[in-house]
Amino acid sequence: MKSRLLILLFVLCSLLSFSQTATVSGVIEDPDKQPVVGVLLYEKTNPKNRVSSDNDGGYKITLPANVEVIIVLTFPGISQEKSFRLEPFENREVNITFDPTVEKNPIIIQEKGRPVSIIRINPRLPVPLPTPQGGIEGYLLQAPVNFSSELSSSYSVRGGSFDENLVYVNDIQVYRPFLVRAGEQEGLSFPNADMVESINFSAGGFDAKYGDKMSSVLDIQYARPDSFAVKTMTSLLGANLTVQGISKNKKFTHNTGIRYKRNTYLLNSLDVAAEYDPRYTDLQSYITYRPQGRYGAWEHSVLLNYSRNTYNFIPQTRETDVGTINEALRLTVFYDGREETQFETFFGAFSTRYNPTELSQLRFTVSAFQTYESEYFDIQGAYRLDELERDLGSDEFGEVLRNRGVGAYLDHARNDLEATVLNFSHRGYKDFDRTTHYLQWGVDYSVERIQDELSEWTLVDSAGYAAPRPPDSIGYTNPSLQPLQIISIQDRIKAESDITSARTSAFIQDNITLKDDSSSKILTTIGVRANHWSFNNQLVVSPRAKFSYTPYWTRIRKSKDGEADTVRKDIVLSASAGYYYQPPFYREMRGFDGVVNPDIRAQQSIHFIVGADYVFKAWNRPIKMIAEVYYKHMDQLIPYELENVRQRYFARNNARGYAYGADLMLNGEFIDGVQSWLRMSVLRTEENLNDDFYYNYFNADGEQVRPGYTFNETITDSVRITPGFIPRPTDQRFSMSLLFLDEMPRKKEYKVLLSLFFGTGLPYGPPSQERYLDVFRTRPYFRTDIGFSRDLFIKKKKDNWINRNVDRGVLSLEVFNLLGVNNTVNYQWIEDVNGRQYGIPTYLTGRRINLRLVIDF
């Protein structure tokens, strides 16, 4: 009996000891002694025991006594732990300093594990990028992105055109000018690199939360500053100034930048001698206000932008030598006339964010975009095409041997466009238990109005004069016109459009995290997106999914003392698939004749992607490798032709196509202490137009008749040819990019940054609306830029104004197009006296030296 009483007494004492508790309370403050609202505190071994800091930063939590207890403090994007051992019934007061400034643009939760199909691009290199654009595009060499001109901000991803790419700044979609036809006109792109906090890029298989395009997503977040700073940049091509600040009470921040660029020095290296006068100006400001302080539940923000790009161009002469040792030609052109192009853009957005709890967020945004664009030119060119002496032993080698033809052309345009886009959006986030489910949803409604007036034509005559012809020779059969003589004008466009439409879209997606007993992890994101466009009353639904698997794979590693130990491999395997519809925007709706097609439909692309993300050590340094293989099945395509950077659409859904390829990316310390990036890609993309065909004509001798080449041009037979699949305009079979950074071993203030891109030739053909004629290939695009820099103000031994106020200074000597390669952006087609056509390449910029000074305060 006594023994039973002793056992019962022991159990009661044990239960009593385990049930004893204590209390911890206090205030959570940031390093500036400001209260931090909404910090979640919970017991690590019992997550259900949780509290949150109130509006004054106060908290109070009950914990077990007589045991070691770990408390986890979390805030969006950051967490920390504190341990306690409390006596029974103790009331301990602990004030905690908690700095949640790691994530300046808070989201409710980061994706658990490594992101799938998302590449995080580093926007903070220790030296300036030696690129002529001076924008965010140079950083995209870290991603599988292809370029065809250093003068343009446009790029292609996995066989898609630039119009198939989404660009977001602070979760708001941004646009570029509509009428741009050459990189010289384009100027500055929207994102300001000096204001950027983070860049995420997806080359395909992206989430349902992103919009309705078929190729890629560039997601940029501007910085929310936590201190006062000034950034300045001056070069031979322009200047930038960025001012950032925060109020004393930490409620108000601003991030403001102004950019000015003048490309005259660079454009003077083109093969057209001219008076170039490009001026590009851009002003942006990102302003935030938090009524309850830096970490309160409410935040209001404003993003404002004004840009003005003007391009005045008075061409004078051009001399271009082309050909091979078998046939060398020289084109000489004398110009008269001028071009005046102007793009003026206004953009504004207001956003309100509210955190009802520490695990949820609601965001509402209203934005407006308006652009005024004009393109006026009258340019006359008188040309002569000469054959050059090819005999190496001749004293006149390389000189004109004989004339092949003379002619003239006149280009005229009076184009005006005004576009307005109003958008209302809502985003919601809910993290249910911080471990398995993270739900996101959103709704967008936008109204667009586009007013377009086109008037352009081209007159070409290869005989040196415009020869009038009878009306019946060019298709006019009206007898009343027969006495008249008519001059034929090519590429005549005369059209006016005024279109108003509305788009409604919505999405929902869930991130689900699973773990198995072997510590492997599976992350799944499943979502669906819907879009309705009032112009054609079409509704499209896009299911999307992606999966990642972090296996528990190990390897044997030998330590320095010769002993072997087991190390887990840092690898993530991924797969994604989904439907990606692209409802047309204005340029896809407008055909070659300037007329809008009212029956246009959304293009469709189905993505299938598998990949691996592996971090390993080479030369005892960490190297990250990302490899992806993809296939895209495309239908309802709208074919287009690419002229310089201008895309001219057929405005018909009359094609289907495909794209497949692979990307390999390496990032790490190839040189000890500095990061570099290498990327290689292979690609094949083709399309099949449903209604294209042509005839081959033959003479009595069975020879195919080729005007200007065949002696007997009398046609006796014909064969109908269906071309089938032909390369798309962005079919760049192999490409490679490199950002390589190095520094002197004992003089680390001296650095060199090499920027390199190589891409094989793109399809092109004579100027016509026959896509099957685009069977030629341009020269490979090979661009190498290098910057030699020195860090300034690094030895701060004296106490003076510069050492107290200057944070960073860099002086950089840059060489653009280091190897002096004649890259081709377009071809001008010339006809000789025999009717033969010659494609004369239009070269991009030559070698130029630039001096850049960067000073940050």
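Residues numbered from 1 in each chain as written. Predicted model: local features only at pLDDT ≥ 70, side-chain atom pairs only at ≥ 80, totals over all residues. Heavy atoms only, no water.

A count of helices and strands for the protein gives 5 helices and 46 strands. Expressed as a percentage of the 857 residues in the protein, the buried residues total 52%. Taking the contacts inside the protein whose residues are at least 6 apart along the sequence as the reference set, 68% of them involve residues at least 24 apart. For the protein, the exposed area adds up to about 39,500 Å²; of that, 55% sits on carbon and sulfur atoms. (Helix = DSSP H or I, 4+ residues; strand = E, 2+ residues; numbered from the N terminus. Buried < 20%, exposed > 50% of the residue type's maximum accessible area, 1.4 Å probe, protein only. Contact = heavy atoms within 4.5 Å. Areas by Shrake-Rupley, 256 points an atom, 1.4 Å probe, with all protein chains shown as cover.)

Glancing now at the nonpolar core. Membership of the largest hydrophobic core comes to 92 residues, with the highest contact counts inside it found for Tyr155, Phe201, Leu218 and Tyr222. Among the elements that make up this core, the one with the highest residue count is strand β19 (residues 328-354) (7 residues). The residues touching Leu218, leaving out its near neighbours within four places in the chain, are Ile136, Leu140, Tyr155, Leu166, Val167, Tyr168, Ile199, Asn200 and Phe201. Formed by 17 residues, the second largest nonpolar core is a distinct cluster that contains Ile28, Val39, Phe84 and Val94. (Core = buried A, V, L, I, M, F, W, Y, C linked by side-chain atoms within 4.5 Å.)

Here the focus is the environment of Gln342. Mapped onto the elements of the fold, Gln342 is located in strand β19. When the C-alpha atoms of Gln342 and Pro177 are compared, they prove to be 9.9 Å apart, with 165 residues separating the residues in sequence. A polar atom in the side chain of Gln342 sits 3.0 Å from the side chain of Arg308. (Polar contact = N/O pair within 3.5 Å; in protein donor to acceptor, adjacent residues only side chain to side chain.)

Pairing is mixed across the open sheet formed by 5 strands, whose spatial order is β9-β12-β13-β10-β11. The sheet terminates laterally at β9 (119-121) and β11 (172-173), the two strands that pair on one side only. Strand direction decides the pairing type here: strand β12 (residues 196-202) and strand β13 (residues 216-222), joined by 6 bridges, are antiparallel. Within β13, the position partnered with Ser202 by the bridge is Val217. (Pairing = 2+ DSSP bridges.)

Here we take up the packing of aromatic side chains. Each aromatic ring pair is specified by the distance between its two centres and by the angle formed by the two planes. Considering all chains together, one arrives at 32 aromatic pairs under this definition. Their ring planes at 80° and their centres at 6.4 Å tell us that Phe206 and Tyr210 sit as a pair that is edge-to-face. Each member of the pair Phe206 and Tyr210 is classed as buried. Ring centres 5.5 Å apart and planes at 55° place the aromatic pair Tyr658 and Phe725 in the tilted group. Pair noted here: Tyr658 is in strand β33 (residues 655-671) and Phe725 is in strand β37 (residues 725-727), with a separation of 67 residues, a long-range link. Its relative accessible area of 36% is what places Phe725 among the partly exposed residues. Here the aromatic residues Tyr168, Phe206, Tyr210 and Tyr580 are joined through ring pairs into a cluster of three or more. Here Arg848 stacks its cationic end above the ring of Tyr265, 5.0 Å away from the centre of that ring. (Phe/Tyr/Trp six-rings, centres within 6.5 Å; stacked < 30°, edge-to-face > 60°. Lys NZ or Arg CZ within 6 Å of the ring centre and 35° of its normal.)

Considering the arrangement of structural elements, one finds Thr310 in strand β18 (residues 298-323). In this structure Thr310 comes out as buried when scored by relative accessible area, which is 14%. Contacts of Thr310, omitting those with residues within four sequence positions, involve Asp277, Pro278, Arg279, Tyr280, Thr341 and Gln342.

Attention now goes to the pattern of salt bridges. Enumeration according to the criterion identifies 44 salt bridges in this entry. A salt bridge links Arg259 to Asp282, with the shortest nitrogen-to-oxygen separation between them at 3.1 Å. Linking Arg259 in strand β16 (residues 252-261) with Asp282 in strand β17 (residues 272-289), this pair joins segments that are 23 residues apart in sequence. We note that Arg259, like Asp282, is buried. With a shortest N-O distance of 2.9 Å, Asp498 and Arg449 are connected by a salt bridge. Taken together, the residues span a long stretch of sequence, with Asp498 in strand β23 (residues 490-515) and Arg449 in strand β22 (residues 437-461) at a distance of 49 residues. Residues participating in the shared-partner salt-bridge network are Glu164, Glu687, Arg728, Arg771 and Asp774. (Salt bridge = Lys/Arg side-chain N within 4 Å of Asp/Glu carboxyl O.)

Now for the confidence of the model for the protein. Predicted confidence across the protein gives a mean pLDDT of 83, with 88% of residues reaching 70 or more. Under a pLDDT of 50 for its full length, residues 5-19 has, in the predicted model, 0 contacts with residues more than four places off or in other chains. Taken as a whole, residues 102-113 scores under 50 in pLDDT and shows 48 contacts with residues more than four places along the chain or in a different chain. (pLDDT = per-residue confidence, 0-100.)

Time to look at the pairing of β16. Covered by surrounding structure in β16 are Thr253, Asn255, Gly257, Arg259 and Lys261 only, the residues Phe252, His254, Thr256, Ile258 and Tyr260 on the alternate face being uncovered. Both strand β15 (residues 238-246) and β16 contribute to a ladder of 9 bridges, which runs antiparallel. When the bridges of β16 are listed, Ile246 appears paired with Thr253. Between β15 and β16, which pair antiparallel one after the other, the connecting turn spans 5 residues, and Lys250 there sits at a positive phi close to 65°. Across 10 bridges, the pairing between β16 and β17 is antiparallel. For Thr256, the partnering residue across the bridge sits in β17 and is Ser285.

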